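Per-entry structural report
Given next are the chains, with one letter for each unit.
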Amino acid sequence: MTLSETHETETQDAARALFVELTGREPDGLWSAPGRVNLIGEHTDYNDGFVLPFAIPHRTVAAVGLRHDDRGRVRVASTFAEEPVEVALDELDDLFPTTTGAEPAVPEWAAYPLGVAWALRQAAADAHGHGFRGIDIAIASDVPVGAGLSSSAAIEGAAASALNELWSTGLDRTALARVGRRAENEAVGAPTGIMDQMASMLGETDAAIFLDCRSLEAQVVPLGVAEAGLAILAMDTRVKHAHSTGGYGERRASCELGAKIMGVPALRDVSTSDLPRAQELMDDVTFRRVRHIVTENQRVLDTVRVLREQGARAIGDLLVASHVSMRDDFEISVPELDTAVDAALSAGALGARMTGGGFGGAAIALVEQDAVTTVSDAVAAAFAASGFRAPALFTVTPSAGAHRDA
Ligand code: ADP
Ligand code: MG
């Protein structure tokens, strides 16, 4: 049994035990969905652009069972939360979408699974219009929370997969990703794009998902990281971010402004050759936000081409260019992320960049397998020298997307 299988079993056991504690019966099944690392393509998703994430071995497991009473209630519990939360299914349409500025009707964590139940019911009601039984959901996870590794998409994906099967709603993976995003946007109030949910739903072993966020067309791109003698080191700074507040929404607004000034539906429609004109038309800050998105889209396309033509060993410079663009143009990095990237590169990493929405969270480094320890030690030492809290350092192998476990 590999280490990741051990973890998976522990998480499954924890979800099952919580379900039994909550309900006094066994669940109908276990479903799980992974977190993700974005290899490249940051903040491009809500600009209708390109991203290249992969699913990681860390997973969120939902132990779920239909309720055999007639009360039509949904109950959610998580090993992360003190108390379960219970509402009537019919109440969901009153709770969500959450009105901006209103007191949240349920604790924030519960808005993820309950938002999924709400969005799934709505998506299915559009399609079929049939009834739903009450349900109990118990959640356990080994995805680091708020680390930019998308514990949010993992909880959404696990809940959506379970409910889709138990409620026989028959949505495909892309539709379930949309359900997750809707929960995150409208029930939690975090204005994030579709990347995380698609990566968590569609991930495949040793491959990244090349996603066109306009058409939602996804291609599986083999990474061959291990084959090339390489590893991907995740460097969690343990600086927490929150996407429902602050910078994330501001960046989104700047992108929308930039697209409006350029007279296009989204920054996807601006190419690198349009940048001089963009610079003439807009203020410096908006221009730099636009330049990040436009060059980042190009870097995703370049990375896919380089992976196919030359393999993983050749993408290091693109990763570094992406980090520099996020640090200087999009301004979503923090000193801890820059320290992780710089220390990894100085210690011999082929490439490194922050990953996820920014303002904290994790960075990744592409390293020789036999240099994982050297690079990890260098990053830990650089954090200590800067007086930062010790980072969490672990390798991530591209792994399978959401599925039923038992
Ligand atoms: P990230 O996706 O990078 O981990 P987010 O802020 O998008 O960070 O999502 C983290 C939030 O998702 C948590 O604060 C919590 O509300 C919710 N969440 C994630 N995993 C779980 C879990 N296992 N149980 C309960 N809530 C969870
Ligand atoms: Mg998230």
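Predicted, not measured: the structure shown is a model, and the values here were computed from it.

Right, let's talk about the domain arrangement of the protein chain for a bit. The assigned domain composition of the protein chain is domain 1 (3–220 + 399–404) and domain 2 (223–396). Its C-alpha centre places domain 1 at a distance of 26 Å from the equivalent point of domain 2. Together domain 1 and domain 2 conceal approximately 3500 Å² of surface at their shared face, both sides included; 63% is due to carbon and sulfur atoms. When residues of domain 1 are sorted by the area they lose upon contact with domain 2, Ile40, Glu42 and His43 head the list and together hold 18% of the total. The tally of links between domain 1 and domain 2 comes to 3 salt bridges. Note that Glu42 is salt-bridged to Arg353, the shortest N-O span being 2.8 Å. Run the count over domain 1 and domain 2 and you get 19 residue pairs in polar contact (both at pLDDT 80 or more). Among the secondary structure elements, those contributing two or more residues to the side of domain 1 that touches domain 2 are β1 (29–40), β2 (50–66) and β6 (207–212).

So, about the environment of Met326. The topology assignment puts Met326 in helix α10 (residues 316–330). Separated by 30 residues in sequence, Met326 and Glu296 have C-alpha atoms that sit 9.0 Å apart. Filtering out sequence-adjacent residues up to four positions away, Met326 remains in contact with Glu42, His292, Glu331, Ile332, Ser333, Arg353 and Met354.

Bringing the layout of surface pockets into the picture now. Empty space among the atoms becomes visible once a probe the size of a water molecule is rolled across them. Within this model, the largest pocket holds a volume of roughly 680 Å³. Lining the largest pocket are 39 residues; nearest its centre among them are Tyr112, Val145, Gly146, Ser151 and Ser152. Taken together, the elements giving at least two residues each to the lining of the largest pocket come down to α3 (108–127), β5 (135–141), α4 (151–166) and α6 (195–202). Looking at the lining of the largest pocket residue by residue, the class counts come to 15 nonpolar, 17 polar and 7 charged. Inspection of the lining of the largest pocket shows a minimum of three residues originating in each of domain 1 (3–220 + 399–404) and domain 2 (223–396). Mapped by element, the contributors of at least two residues to the lining of the second largest pocket are α3 and α5 (173–188). Its residues assigned to classes, the lining of the second largest pocket comprises 10 nonpolar, 6 polar and 1 charged.

What follows covers the nonpolar core. With 52 residues, the main nonpolar core has Leu92 and Leu114 as its most contacted residues. Considering every element that reaches this core, the biggest residue donor is α3, with 10 residues. Leu114 has contacts with Val74, Val76, Val85, Val87, Leu92, Phe96 and Val106, leaving out every residue within four places of it along the chain. In terms of nonpolar packing, the next biggest core, distinct from the first, is built from 37 residues, Val290, Ile293, Ile332 and Ala352 among them.

This part takes up empty space enclosed by the protein. Taken as a whole and judged by the stated rule, the model has 1 cavity of 30 Å³ or more. Within this model, the largest cavity holds a volume of roughly 30 Å³. Contributing to the lining of the largest cavity are Ala153, Glu156, Gly157, Leu176, Ala177, Gly180, Gln197, Ser200 and Met201. If you list the elements that add at least two residues to the lining of the largest cavity, you get α4, α5 and α6. Residue classes in the lining of the largest cavity are distributed as 4 nonpolar, 4 polar and 1 charged.

To continue, consider the site of ligand 1. Surrounding ligand 1, one finds 18 residues, the nearest of these being Ser78, Gly146, Gly148, Ser151 and Ser152. One of the backbone nitrogen or oxygen atoms of Gly148 is found 3.0 Å away from an oxygen atom of ligand 1. Residue Ser152 places a side-chain N or O atom 2.9 Å away from an oxygen atom belonging to ligand 1. Protein chains bury 89% of the 560 Å² of accessible surface belonging to ligand 1 in isolation. Among the cavities detected, the one that contains ligand 1 is the largest pocket. For the shell around ligand 1, the secondary-structure elements that each account for two or more residues are α3, β5 and α4. By residue class, the composition of the shell around ligand 1 is 9 nonpolar, 8 polar and 1 charged.

Thresholds applied
- Residues numbered from 1 in each chain as written.
- Chains lettered and ligands numbered in written order.
- Predicted model: local features only at pLDDT ≥ 70, side-chain atom pairs only at ≥ 80, totals over all residues.
- Heavy atoms only, no water.
- Domains from an automatic or database assignment.
- Buried area = accessible area lost by both parts, 1.4 Å probe.
- Salt bridge = Lys/Arg side-chain N within 4 Å of Asp/Glu carboxyl O.
- Polar contact = N/O pair within 3.5 Å; in protein donor to acceptor, adjacent residues only side chain to side chain.
- Helix = DSSP H or I, 4+ residues; strand = E, 2+ residues; numbered from the N terminus.
- Contact = heavy atoms within 4.5 Å.
- 1 Å grid on protein atoms, 1.4 Å probe; cavity = no way out; pocket = protein on both sides within 12 Å on 5 of 7 lines; lining within 4 Å.
- Points joined across faces, edges and corners; volume = space filled by probe spheres on them.
- Nonpolar A, V, L, I, M, F, W, Y, C, P; charged D, E, K, R; others polar.
- Core = buried A, V, L, I, M, F, W, Y, C linked by side-chain atoms within 4.5 Å.
- Buried < 20%, exposed > 50% of the residue type's maximum accessible area, 1.4 Å probe, protein only.
- Near = heavy atom within 4 Å.
- Areas by Shrake-Rupley, 256 points an atom, 1.4 Å probe, with all protein chains shown as cover.
- Sits in = over half its atoms within 2 Å of the grid points.

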